[in-house]
Structures are given as structure tokens and as C-alpha cells.
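# Chains, contacts and geometry: an overview
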Amino acid sequence: MTPASRAGGDDGIAALVPAPLAVPSSVRRARRSATAAYAAQGFGFAVMLTNVPTYERYLGIGPDVITLVILGVCVCAATGSALSGWLAARFGSARVVTGGLLVAAAGILAVGLSAGAGLLVTFFLAFGVYGLALGSVDASTSMQGIDVQRAYGRSLIAAFFAANAAGGVVGSLAVSGAAALGLALPVSLALVAGVVAVAVLVLRAGLLSRTAAVAVAGTSGAPPAGSGSPVPDGVAPAAGSAGGSAGAGPGEAGAGVAAAGAAAAAGARGATGMVGAGTVIVLGIAMLAFPVADSAVSSWGATFLQGVLGASAVVGPLGFGAYQATLICSRLLGDRAVERWGRVRVVALGGTVGVVGLGLVAVSPVWPLAVLGFAATGLGLGVVAPMAFSAAGDRAAEAVAAAGATDGAAGMSTALPTVEDATDRAVARLNVFTYVGAVLGGAMTGVFATTDALRAGFGVLAVLALATVLLAGRFREADLPPDVSERA
């Protein structure tokens, strides 16, 4: 039995989360590379968004055109995310990450050159290319993150998302620095593209290939409740999974096995070993409050503080700053919280704090309370998206296990996907909801654009965040039947 860290099971009983005695050097390297990939993605994305005023100045366009460009990017990103599942199945998520980042770098370069030359159509096309890359990298980095945390045997996904947010902070500072130095947009974006390309060259060798991901799943996977041997390759529970409660009595164990079988069957599409569309949709709805709120805070935060609460121009940016700072903190602390209390409790608490934060913004009579509300929103909702992807990985493990159990009971030998294949497909579809949320956030910005309606807008967001609290149970850790290992 490997050492274990204490974690709260979702049923209120503390569970043990096994971890490998010694993490292989290749897995540690993969963790560093995945972190760098998340950061590079966040860096490039922040640069592209915070240069919006510069695009307007170079091309002589207004906010309405920029809104259409951002909407187009969201549509292209959703398409790229959906395609990433197919690409990962053919080439592996590591190649999708590196290829996507290189295409993103090319898109960043093309945006700068086309804006500098005043070529509006080329500018649109370049942003579309960047959007496709954005979606594919968003999804494939989460695929890598789940593979790495599965190899570690504990939750790591929140820290990866923290690296993405930190990269965004660096990106916004880079834009500010370029403006201070008086760099032309084509030059500054060429430098950014170069940084992203160099990052790819540095991190590419460390990412987990498909073969390596399947291999490490078996060496460090946690045994399910009631099993005395490790889960075989391809059906290891995802990181952070409690696998049932430690020390449970016979009755409790039997109930857990029955629940596991039912849950796994519910998460499988027939007996194919893939996560069902209904499961992905429910997780997507549960995490939808985060991308909508993220879009709203970045779009409305300063306007709300200045236009509604009469704050000065100096205070205006503090709402978004407080939100972003606490979001990073919540993600840095999120993995340890999951190990201690379990994913369901962390998501439920995070959603509740997010509801309170958005509600406080909506009713705040003075700007300090509103800034506190923005901070609470980031602290609460910051962990929701990474935990949704982690839950998708667990549902994939259950789906593969359920399909294997069906085949075993029927005496069949069907070619089933590995848990990595099932995870990649589920993550690719779930990631689409990130861009659905961004589009909804943009649409709500239009509906509640006047200062009189902004309070109502944040109130609507608080109601939307309730879905995260109500659906927190769907984020539960993997619960695999005890006879999975016996079929190895």
C-alpha cells in the first residue's frame, strides 16, 4: 500500500487518497511542462485581449466591430475545442498542445502584422486562426493536466489553472510595458509570438505522450475501495479520487459498490466506455457561472464601480484586480482543499462564496463593499472550472470500468477505449462550455450595459452561480467497482 494523504470523502466519511511512493522523473518533468503550457496559453490570451484599444486605433474600428471579433474568436475557439478530442485521439494530447501553441503564436504574429498594415479582412482571419488554436490548446492542456494528476495520484488541476491565470497577469503587464516603451503593435506582438514559440521548444519534450500516459496510469493509480491490488492501466481513477471510504464496514462497502456501478453505468454511453453527453452537459452547466462571471467582471467591473458607485478612475480597476488576485489564490489552495475535504465540498463551498460575492456586488451601497464582493467571487468560483475537468476525468474512468464490466459479464471481448482516450473526448466537449459562457457574458453585457441595469446584471449572475451549488454533487470523485483490478 502506498502512502496516502487524508481527504474528505463526498459522503462525509474521510477517505485515503493513495499517492505513489516516488514520482518518476518523467512525470515530474511532465508536471513542469504542463504548468508552462498553461502559463504560455494564459500569457498569449491576455496579450490579445488587453490590446483591444490598440487594434481600434490602428484599424480605425469601434467597439461594435471588436465585439464581433471577440464573438468570432469564441465561436472558433469552441470549434477548436471540439476538434481537439479527435486530434488527441489520433496524435495524442501532447502534440495537440505543442501544435496548437505554435498555431496560436502564428496567429498572434499575423494579427500584429495585419493590424499594422491596416488589413481588416486579414486581421479577422488571423484572429479566427488564433481562436481555433485557443480552443484546441485550452482543451488539450486540460487533457495533459488530468493525465499528470492521475500519474501523481492526487489533485493538481487547480494549480495548473493558477499558472494560466498567472500567465495572464504577466501578459497584461507585458502589454503595459510595450506601451511604456512605445513599441509598435506589430513589433510587440511579434515578440510575444516569439516568447510563445520558444516556450513550446522548451516544454515539448516533457509533455506526456499517449503511451507514457497509459503506462504511468497503471504504476501510480489508486486501488478502488475494497480492492487489494492496483487498478490496471486504462482504468485508474483520476487524481483526487477517494475511491470510497477507508475503513468502511461491510455494509458501507456494499452500498458504495452498488452506487459505483449505478454511477458508472449512468456516465457511460451504452457500453462504449465513453462519457455520455448528458454527463458532460450537466458538468458544463455546473461550471457555466465561472466563464460568464469572468467575462462580466472584466467587462463591467470598472464601469460598475465608477458609474454606479461613484468611485474614482483610480479605484475603477481595483474590482477586477481583487477578483483576479483571489482567483489565483483559490486555485493555488484548491488542490490541498480537495485532498482535505473532497471535491464536492470544495465546489459547493466555492459556489456558495461566489453567490454571496456576486450578491454583495449587486447590493453594495459603497465601492469598498463591491470590491470585497469581487474578491469573494474570484475566491469562490476560481476553483469550479478546474474541478469540472477533474470530474470529467473521473467520469471517464467510471465509463471505461462500466463498459469493461458489461463485457466481462457477457463473456465478450470488445475493443474499449483507454481511460485517457475517454478523458480526452470528455474534456474536449466540456471545454466548449467555456466559450458558451464567454458568449453569454458578452450578450449579458449588452442587455445590462446601462449603469441603471448593472445591479440587476450582477444579481442575475448570483442566481446563475446557484447552479454550481445545486449541482456540486456531480463533481464527486471516481468510485470504481472492486472487481476492476481482478479483470486485468
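Since the α-helix turns once every 3.6 residues, residues separated by three or four places project in the same direction. Compared with the 30 Å implied by 1.5 Å per residue over 21 residues, the 30 Å span of helix H13 (residues 343-363) between its first and last C-alpha is a close match. For H13, every residue scored as buried is listed here: Arg-343, Val-344, Val-346, Val-347, Gly-350, Gly-351, Gly-354, Val-355, Gly-357, Leu-358, Val-361 and Ala-362. Along the long axis of H13, the arc covered by the buried residues comes to 170°, so they all point the same way. Facing away from the buried side of H13 by over 90 degrees, the exposed positions are Leu-349, Val-356 and Val-363.

The next thing to look at is the packing of helix H1 (residues 25-50) against helix H4 (residues 93-117). Where H1 meets H4, the axes come as close as 11 Å, and the angle between the chain directions of the two elements is 20°. Judged by the inter-axis angle, H1 sits roughly parallel to H4. Like other packed secondary-structure pairs, H1 and H4 cross with a definite hand, here left-handed. In contact with Ala-37, Ala-40, Gln-41, Gly-44 and Met-48 of H1, H4 contributes Val-97, Leu-101, Ile-108 and Val-111. Classifying every residue of the contact of H1 with H4 by side-chain character gives 7 nonpolar, 2 polar and no charged.

The next subject is helix H2 (residues 52-59). Of the positions making up H2, those classed as buried are Val-52, Thr-54, Tyr-55 and Leu-59. An end-on view of H2 places all buried positions within 155° of arc, on one side of the element. Exposed and facing more than 90 degrees away from the buried side of H2 are Pro-53 and Arg-57. Residues of H2 that are buried in the fold lie against H1, helix H3 (63-91), H4, helix H5 (120-152) and helix H7 (185-203).

Taken as a whole and assessed by the stated rule, the structure comprises 5 salt bridges. Salt bridges sharing common partners tie together Arg-395, Glu-398 and Arg-476.

As a further point, take the packing of H2 against H4. Where H2 meets H4, the axes come as close as 8 Å, and the angle between the chain directions of the two elements is 35°. Along the contact surface, H2 presents Tyr-55, Tyr-58 and Leu-59, while H4 presents Val-111, Ser-114, Ala-115 and Gly-116. A breakdown of the residues in the contact of H2 with H4 according to their chemical character gives 5 nonpolar, 2 polar and no charged.

The rules behind these values
- Residues numbered from 1 in each chain as written.
- Predicted model: local features only at pLDDT ≥ 70, side-chain atom pairs only at ≥ 80, totals over all residues.
- Heavy atoms only, no water.
- Helix = DSSP H or I, 4+ residues; strand = E, 2+ residues; numbered from the N terminus.
- Expected span 1.5 Å × (residues − 1).
- Buried < 20%, exposed > 50% of the residue type's maximum accessible area, 1.4 Å probe, protein only.
- Arc of directions from axis to C-beta.
- Axes fitted to C-alpha atoms, helices over the stretch in contact; angles between N-to-C directions.
- Parallel < 35°, antiparallel > 145°, perpendicular 65-115°, else oblique.
- Left-handed = near helix turned anticlockwise from the far one by under 90°.
- Contact = heavy atoms within 4.5 Å.
- Nonpolar A, V, L, I, M, F, W, Y, C, P; charged D, E, K, R; others polar.
- Salt bridge = Lys/Arg side-chain N within 4 Å of Asp/Glu carboxyl O.

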